[in-house]
Amino acid sequence: MQKARYFRQNPLKSPDGGNRVLLHSCCAPCSCAIIEALHDSGLVPTVFFYNPNIYPQAEYDLRKRENMRYAAKLGIPFVDADYDCGEWQLRTKGLENEPERGKRCTVCFDMRLEGAARYAASHGFTVFATTLGISRWKNMTQVDECGTRAASNHEGLIYWAFNWRKNGMMDRRAALIKSEEFYLQQYCGCVFSLRDSIRRKAMQVPSKS
Ligand code: SF4
């Protein structure tokens, strides 16, 4: 039997008490349950897709299309931001051999959340959040520090640090991935995570999703 949707009974409240939230999204599998939770709470999310880390472009286009498909299904606005991969490569130069959760990921989160903060501040949002922390492969503290840093450059802008892994969200995420038949990537996104995923597979270590 399908479980009741938690946030219908326990609606989220935005930290500014308003209803508009800019949601930086990395992909459909990570954002689907969060978008639904915001929607179920009576909040009005706008999905902001800004992920210049994703390699190659065909993978970027596929992840974006999947995310757009779900936003359109729920009638939620979707902002297709730049694929500024040249700037991402410049910023991560010298960090190619960092492990996941290391310094390269901080630079990567900083760039994406700075982009979200800039868009939020220039389009009348006072709150923004990100889907990056829902994956158990990510360091939530690292993500939240980057979000807070990005918000600090814009007066009055709040980064909503929320633990999206609780309240049945991981089960709901898995259920939506299945029911929506989302494409489920096997690596985080950048060329270096693709390289590491291929190495793990070669060593018969279970891959990430
Ligand atoms: S592993 Fe993921 S978070 Fe880290 S730099 Fe690559 S794409 Fe960004």
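Small disclaimer: the values here were computed from a predicted structure and weren't measured.

Caption draft 1: Examining the overall build of the protein more closely. Helices and strands together make up the secondary structure of the protein, namely eight helices and five strands. Ordered by position from the N terminus, the helices and strands of the protein form the series α-β-α-β-α-β-α-α-β-α-β-α-α. Its C-alpha atoms give the protein a radius of gyration of 16 Å, within 12% of the compact-globule value 17 Å for 209 residues. Dimensions of the protein, computed from C-alpha atoms along their principal axes, come out at roughly 45 × 45 × 30 Å. Here the protein, with 209 residues, has 49% of them falling under the buried criterion. Relative to all contacts within the protein whose residues are 6 or more apart in sequence, the contacts with residues 24 or more apart total 75%. For the protein, the accessible surface area stands at approximately 10200 Å², while carbon and sulfur atoms represent 53% of it. Of the side chains in the protein, 30 bear a positive and 22 a negative charge, and the two mean positions are spaced by 6 Å.

Caption draft 2: Structural detail: the pattern of salt bridges. Going through the model one piece at a time under the given rule, you end up with 13 salt bridges. Here Lys73 and Glu180 are joined by a salt bridge, their closest N and O atoms 2.7 Å apart. Of this pair, Lys73 sits in helix 3 (residues 57-74) while Glu180 sits in the loop between helix 7 (169-179) and helix 8 (191-202), and the two are 107 residues apart along the sequence. Each of Arg5, Arg8, Glu36, Asp40 and Arg172 takes part in a single network of salt bridges with overlapping partners.

Caption draft 3: Structural view of the packing of aromatic side chains. Enumeration according to the criterion identifies twelve aromatic pairs in this entry. Judged by centre distance (4.9 Å) and plane angle (35°), the ring pair of Phe48 and Tyr119 falls under tilted. Note that Phe48 is positioned in strand 2 (residues 44-49) and Tyr119 in helix 5 (residues 103-122), a separation of 71 residues in sequence. On the basis of an interplanar angle of 20° and a centroid distance of 4.0 Å, the ring pair of Tyr60 and Tyr83 is categorised as stacked. Taken as a pair, Tyr60 in helix 3 and Tyr83 in the loop between strand 3 (78-80) and helix 4 (85-91) lie far apart in primary sequence, 23 residues in all. These aromatic residues form a ring-pair network of at least three members: Phe49, Tyr60, Phe78 and Tyr83. Sitting above the plane of the Phe125 ring, Arg20 keeps its charged end 4.0 Å from the centroid.

Caption draft 4: The arrangement of the nonpolar core in detail. Of all hydrophobic cores here, the largest spans 54 residues; its most connected members are Leu12, Leu38, Phe128, Trp160 and Trp164. For this core, the secondary-structure elements that each account for two or more residues are strand 1 (20-25), helix 2 (28-40), strand 2, helix 3, helix 5, strand 4 (127-130), helix 6 (140-151) and helix 7. Discounting residues that sit within four places of it in the chain, Trp164 has contacts with Leu12, Ile34, Leu38, Ala129, Thr130, Ile134 and Met169.

Caption draft 5: View of the site of the ligand. Every residue near the ligand is listed here: Asn53, Trp88, Glu100, Arg104, Cys105, Cys108, Phe109, Arg112, Cys188, Cys190 and Ser193. Among the cavities detected, the one that contains the ligand is the largest cavity. No other element matches helix 5, which puts five residues into the shell around the ligand.

Conventions used here
- Residues numbered from 1 in each chain as written.
- Predicted model: local features only at pLDDT ≥ 70, side-chain atom pairs only at ≥ 80, totals over all residues.
- Heavy atoms only, no water.
- Helix = DSSP H or I, 4+ residues; strand = E, 2+ residues; numbered from the N terminus.
- Rg over C-alpha atoms; globule rule 2.2 N^0.38 Å.
- Buried < 20%, exposed > 50% of the residue type's maximum accessible area, 1.4 Å probe, protein only.
- Contact = heavy atoms within 4.5 Å.
- Areas by Shrake-Rupley, 256 points an atom, 1.4 Å probe, with all protein chains shown as cover.
- Lys, Arg positive; Asp, Glu negative; His and termini not counted.
- Charge placed at Lys NZ, Arg CZ, Asp CG, Glu CD.
- Salt bridge = Lys/Arg side-chain N within 4 Å of Asp/Glu carboxyl O.
- Phe/Tyr/Trp six-rings, centres within 6.5 Å; stacked < 30°, edge-to-face > 60°.
- Lys NZ or Arg CZ within 6 Å of the ring centre and 35° of its normal.
- Core = buried A, V, L, I, M, F, W, Y, C linked by side-chain atoms within 4.5 Å.
- Near = heavy atom within 4 Å.
- 1 Å grid on protein atoms, 1.4 Å probe; cavity = no way out; pocket = protein on both sides within 12 Å on 5 of 7 lines; lining within 4 Å.
- Sits in = over half its atoms within 2 Å of the grid points.

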